[in-house]
Amino acid sequence: MFVALRDLRFARGRFALISSVIVLITILVGFLSGLAGGLAWQNVSGILALPFDKMVLAASDNGAATDFSSSSITQKQADTWAEAEGVTSATPVGITTSRAESESGEAAITIVGYGASPNQELSPEATVADIPRSIVLSTGAADALDAQIGDTVTIAGFKLLVSAVGDDWWYSHTPVAYTSLADWQDIAATQREGTIFATGVAVTGSPQWDQVASNTHTTAKGQLASLTAIPAFASEVGSLGMMIAMLFSISALVIGAFFTVWTIQRSGDIAILKALGAATRTLMKDALGQAGVVLATGVAVGVAAVIGVGAIVPAALPFLVSPLTTALPAALLVILGLAGAAVGVRSVTSVNPLSALGGAR
Amino acid sequence: MIEFSDVTLTYPDGSNRVTAVNQVSLTAVAGTVTCITGPSGSGKSSLLALGATLIQPDSGRILINGTDAGGLSTKDASALRREQVGIVFQQANLLPSLTALEQLTVMNELGTQGARARRPAAGRRATEILATVGLADQAHKRPHQLSGGQRQRINIARALMNRPSILLVDEPTSSLDQERGSQIIDIVLDLTASEGTSTLLVTHDTSHFARMERVVEMMDGRLVDTHARAARSAKSDET
Ligand SMILES: Nc1ncnc2c1ncn2[C@@H]1O[C@H](COP(=O)(O)OP(=O)(O)OP(=O)(O)O)[C@@H](O)[C@H]1O
Ligand SMILES: [Mg+2]
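Residues numbered from 1 in each chain as written. Chains lettered and ligands numbered in written order. Predicted model: local features only at pLDDT ≥ 70, side-chain atom pairs only at ≥ 80, totals over all residues. Heavy atoms only, no water.

### Some words on the domain arrangement of chain A
All names here are of chain A.
- Along its sequence, chain A is carved into domain 1 (2–44 + 234–360) and domain 2 (60–216).
- When each unit is reduced to the centre of its C-alpha atoms, the spacing between domain 1 and domain 2 is 46 Å.
- Contacts between domain 1 and domain 2 engage six residues on the former and six residues on the latter.
- Approximately 520 Å² of surface area, both sides summed, lies buried where domain 1 meets domain 2, with 41% of it carried by carbon and sulfur atoms. (Domains from an automatic or database assignment. Contact = heavy atoms within 4.5 Å. Buried area = accessible area lost by both parts, 1.4 Å probe.)

Dropping the structure here:
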């Protein structure tokens, strides 16, 4: 990168300009990723907190998957899963969003009933929730209800004792609270007709997933796939994801365009270097290395800005700073940028060294 | 040593072809300057381009230190250029972002490998040859801070950086006044002797001929008049 680095220093202004464009795009991508991540977190963390390999939900009449809001699992279905060969645990899960009241507050929260049939391992939070008429609040729910351990929370007429305040769990943008499955069934019965056993079954182990699913008229989905069963999750993440994808392609195009123009502009220099005997490979490496330096600098500054802003953003704004929302988009930006630059500097190969020779034009 | 035998070069010109070099045979031996002159469009630059392996002849053979330059791939041709051929351009053709010294050391960076290991030696060579052309004190200036004559001297120094055995010089004085031009020709003559290159020097300027050992003339692509001059003996006559 002998010439590339010196060009960078010499044409500082030009490279500062393109670098700042990259910084701005990185910030934009970083914000959108952080926001998408934050929104997704507020959508799914309550589900991800449950231990399961696959989430079993009822299948609709045509065999397709249902979402958490419409799925209903019978005890028989749950038992069949629990007894299926290869299953380590099969824990019924109930999910319902309801109004909750405490002495000093009122909020919509999602009640997740989890647990409780013999021979089943329970997660720590579920163990606590297994005490009858008790509830484990997420930090969000505790804040919204202004409730602490020992307080009483009223949901659908049932009084539940706050036995613990857990982590930052969310489901579909409402804070989550865990109860025993029995308590959840009581609450759910006030909202829907008929007997309700559970919404789904959290299954661990390695059974014949498809076979058991078709036998029981259910569907089984892995962690990530089960998130699409959260209403609005797919469309929310989808539209933000599309914006992010657009930004990625814009940045690749902008960088490609910049390096195309830049390469054309210095084709005179390239012809000279070729006439002096520069290998085309050396020139390509030089040009791509230059693009790499510009990209890495711009992206690094952009990511630093995103992390900085992420640290001071108000807690009310869902904004997730994690490798998934910073390092991954940054790496993608660099890769796509380099791809764009590669298209731009490809014309290096077509520069004729003959044009460097004064007379022979 | 560079040897043209019966070399012909044509360029496409619409549906026809224009003959730029027509059955030229010419040999330049180490340590000598062969001056090529002739009217505009007579094929002088084209002949140099052939010698520099920048273009392939239609027919005939070009031997560079025994290697047939005709059949080389693009890759091999640029390696040959890098290692054995020095080119002095009509315009100085310096790279705007490099200092005078870097214009020379860049010659070490053009290959595909081994540049790092050669850097110390390249640095010494560059400093030395920059001093030879009288620019030791200008090493850290960029082209826009240098005069035309200084740029042209760097152009020559750069061509010699990798110790080529062939030096091809295309009208190095056309953008300079008489005195500066004369200095440049002197540098080419001196370096040809000290570096032992086979030098082909294209110039229109008849005033330099007296100092040349050999002047050949091109006309419509043909070498029309080859006469050797006993420059060395002429010099010894003067003393
Ligand atoms: N790339 C090219 N394509 C087509 N024709 C060319 C090309 N380069 C040169 N020619 C033609 O070849 C002939 C020889 O050109 P060349 O540049 O070798 O002449 P020259 O002797 O160097 O002239 P000058 O003294 O003006 O530099 C001319 O007729 C020119 O028009
Ligand atoms: Mg010419």
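### Describing helix α5 (residues 148–160) of chain B
- The terminal C-alpha atoms of α5 of chain B lie 19 Å apart, and with 13 residues this matches the ideal 18 Å at 1.5 Å per residue to within 8%.
- Counted residue by residue, α5 of chain B has 11 buried out of 13 residues, so it is predominantly covered.
- Listing the buried residues of α5 of chain B in full gives Gly149, Gln150, Gln152, Arg153, Ile154, Asn155, Ile156, Ala157, Arg158, Ala159 and Leu160 of chain B.
- Residues of α5 of chain B that are buried sit in contact with α10 (267–275) of chain A together with β6 (85–88), α3 (100–105), α4 (115–132), β7 (166–170) and α6 (178–195) of chain B. (Helix = DSSP H or I, 4+ residues; strand = E, 2+ residues; numbered from the N terminus. Expected span 1.5 Å × (residues − 1). Buried < 20%, exposed > 50% of the residue type's maximum accessible area, 1.4 Å probe, protein only.)

### Brief notes about the packing of aromatic side chains
Residues and elements named next belong to chain A.
- Using the criterion set out here, one finds seven aromatic pairs over all chains in the structure.
- For the ring pair Phe68 and Tyr171, a centre distance of 6.1 Å and an interplane angle of 85° mean the geometry is edge-to-face. Residue Phe68 is located in the loop between β1 (54–58) and α3 (75–83), and its partner Tyr171 is located in strand β7 (residues 170–171); the two are separated by 103 residues in the primary sequence. This pair shows no difference in class: Phe68 is buried, exactly as Tyr171 is.
- The interplanar angle of 35° and the centroid separation of 5.9 Å between the aromatic rings of Trp81 and Trp209 together place this pair among those described as tilted. Residue Trp81 is found in helix α3, and its partner Trp209 is found in helix α7 (residues 209–216); the two are separated by 128 residues along the sequence.
- Aromatic rings pair up to connect Phe15, Phe258, Phe259 and Trp262 into one cluster.
- The ring of Phe2 carries Arg6 above its face, with NZ or CZ at 3.8 Å from the centroid. (Phe/Tyr/Trp six-rings, centres within 6.5 Å; stacked < 30°, edge-to-face > 60°. Lys NZ or Arg CZ within 6 Å of the ring centre and 35° of its normal.)

### Some details on a nonpolar patch on the surface
- A contiguous nonpolar patch, built from Val21, Met242, Met246, Ile250 and Val254 of chain A and spanning about 430 Å² of accessible area, is present on the exposed surface.
- Here Met242 of chain A is to be found in helix α9 (residues 233–265). (Patch = residues over 30% accessible without salt bridge, like charges linked within 9 Å, V, L, I, M, F, W, Y side chains within 5 Å. Areas by Shrake-Rupley, 256 points an atom, 1.4 Å probe, with all protein chains shown as cover. Salt bridge = Lys/Arg side-chain N within 4 Å of Asp/Glu carboxyl O.)

### What to know about the interface of chain B and chain A
- Tallying the contact residues gives 29 residues for chain B and 26 residues for chain A.
- A combined buried area of about 2500 Å² lies between chain B and chain A, and 67% of that area is made up of carbon and sulfur atoms.
- Between chain B and chain A we count one salt bridge in total.
- Glu102 of chain B is paired through a salt bridge with Arg6 of chain A; the nearest N and O atoms lie 2.9 Å apart.
- Between chain B and chain A we count nine residue pairs in polar contact (both at pLDDT 80 or more) in total.
- Only α1 (44–51), α2 (74–84) and α3 of chain B provide two or more residues apiece to the side of chain B that touches chain A.
- In terms of residue count, the dominant contributor to the side of chain B that touches chain A is α2 of chain B (three residues).
- Of the residues that constitute the side of chain B that touches chain A, the class distribution is 12 nonpolar, 10 polar and seven charged. (Polar contact = N/O pair within 3.5 Å; in protein donor to acceptor, adjacent residues only side chain to side chain. Nonpolar A, V, L, I, M, F, W, Y, C, P; charged D, E, K, R; others polar.)

### A closer look at the environment of Glu171 of chain B
Residue and element names in this part refer to chain B.
- Secondary-structure assignment places Glu171 in the loop between β7 and α6.
- Residue Glu171 is classed as buried on the basis of its relative accessible area, which comes to 13%.
- Sequence-wise, Glu171 and Gln90 are 81 residues apart; in three dimensions their C-alpha atoms are separated by 5.2 Å.
- Ignoring sequence-local partners within four residues, the contact set of Glu171 consists of Lys44, Gln90, Val202 and His204.

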